[in-house]
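# Examination of the molecular architecture
What follows is the residue order along each chain.
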Amino acid sequence: MPTRLALLMGLCLSLLISVPAPASTGDLSGVIEGFMAKQFPRAQSHFWVVNGTQWQAENEVVVDLNTVVTNRASLAPTESRFLLLIVEGKLAAAQNIPLDSGVDCQPESA
């Protein structure tokens, strides 16, 4: 009996974990890819890495993003870093920041 109970609890837990995020968060990877296409229209190839995220509200997130882009005219890749503000699944703002800077994405206090 304890084995069945443990198996049932594990199944319920796995179902809870696999529930998709609310629709208001949007597809972050799709938003980032859209940003990359607009920011680097001449890129031959690119990849990006999310350094961190900070949820400001249920439908608002700041993404700390590193990008590596190779342009058609140059073989040397260019690395950049951005902060993206994504609100309701859409890019609201982007800011280029130095690669080695510290980032504090905490909400402003009242």
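Everything in this summary refers to the structure shown in the same document. Sequence order as written defines residue numbering, which begins from 1 separately in each chain. Whole-chain, interface and lining totals are the exception, using all residues; otherwise, since this is a predicted model, local features are given only for residues with pLDDT of at least 70 and side-chain atom pairs are given and counted only at 80 or more. Excluded from the side-chain calculation are hydrogens and water; included are all heavy atoms of the structure.

Broken down by element type, the chain carries 2 helices and 4 strands. Start at the N end of the chain and walk to the C end: the helices and strands fall as α-α-β-β-β-β. Accessibility here uses a 1.4 Å probe with only protein chains present; expressed as a share of the type maximum, an area under 20% marks a residue as buried, one over 50% as exposed, and anything in between as partly exposed. The buried share of the chain, taken over its 110 residues, is 24%. By the convention used here, residues are in contact when the closest approach between their heavy atoms is within 4.5 Å. Considering only contacts in the chain between residues 6 or more positions apart, those separated by 24 or more positions represent 38%. Carbon and sulfur atoms form 59% of the exposed surface of the chain, whose accessible area is close to 7900 Å². Put simply, DSSP marks the helices as runs of H or I at least four residues long and the strands as runs of E at least two long, and each gets a number from the N terminus on. In these tables, accessible area is a Shrake-Rupley quantity obtained with a 1.4 Å probe, and a residue counts as shielded only by the protein chains included in the view.

All right, on to the pattern of salt bridges then. A pairing counts as a salt bridge when a side-chain nitrogen of Lys or Arg comes within 4 Å of a carboxyl oxygen of Asp or Glu. Tallied over the entire structure, the rule returns 1 salt bridge. In this structure, Asp64 engages Arg81 in a salt bridge whose closest nitrogen and oxygen atoms are separated by 2.6 Å. Taken together, the positions of Asp64 in strand β2 (residues 60–71) and Arg81 in strand β3 (residues 78–87) put the pair 17 residues apart, joining distant regions of the chain. Note on Arg81: relative accessible area 8%, which makes it buried.

Position of Asn71 relative to the elements: it lies in strand β2. In this structure Asn71 comes out as partly exposed when scored by relative accessible area, which is 30%. Taking the C-alpha atoms as reference, Asn71 lies 7.0 Å from Ser45; in sequence the two are 26 residues apart. Sequence-distant contacts of Asn71, that is, excluding residues within four places in its chain, are made with Arg42, Ala43 and Gln44.

Bringing the nonpolar core into the picture now. In this text, buried Ala, Val, Leu, Ile, Met, Phe, Trp, Tyr and Cys residues form a nonpolar core when linked through side-chain atoms within 4.5 Å. Val63 and Leu84 are the most contacted members of the largest nonpolar core, which totals 13 residues. When residues of this core are traced back to their parent elements, those giving at least two are α2 (28–39), β2 and β3. The contact partners of Val63, leaving out residues within four places of it in the chain, are Ile32, Val50, Gly52, Thr53, Phe82, Leu83, Leu84 and Ile86.

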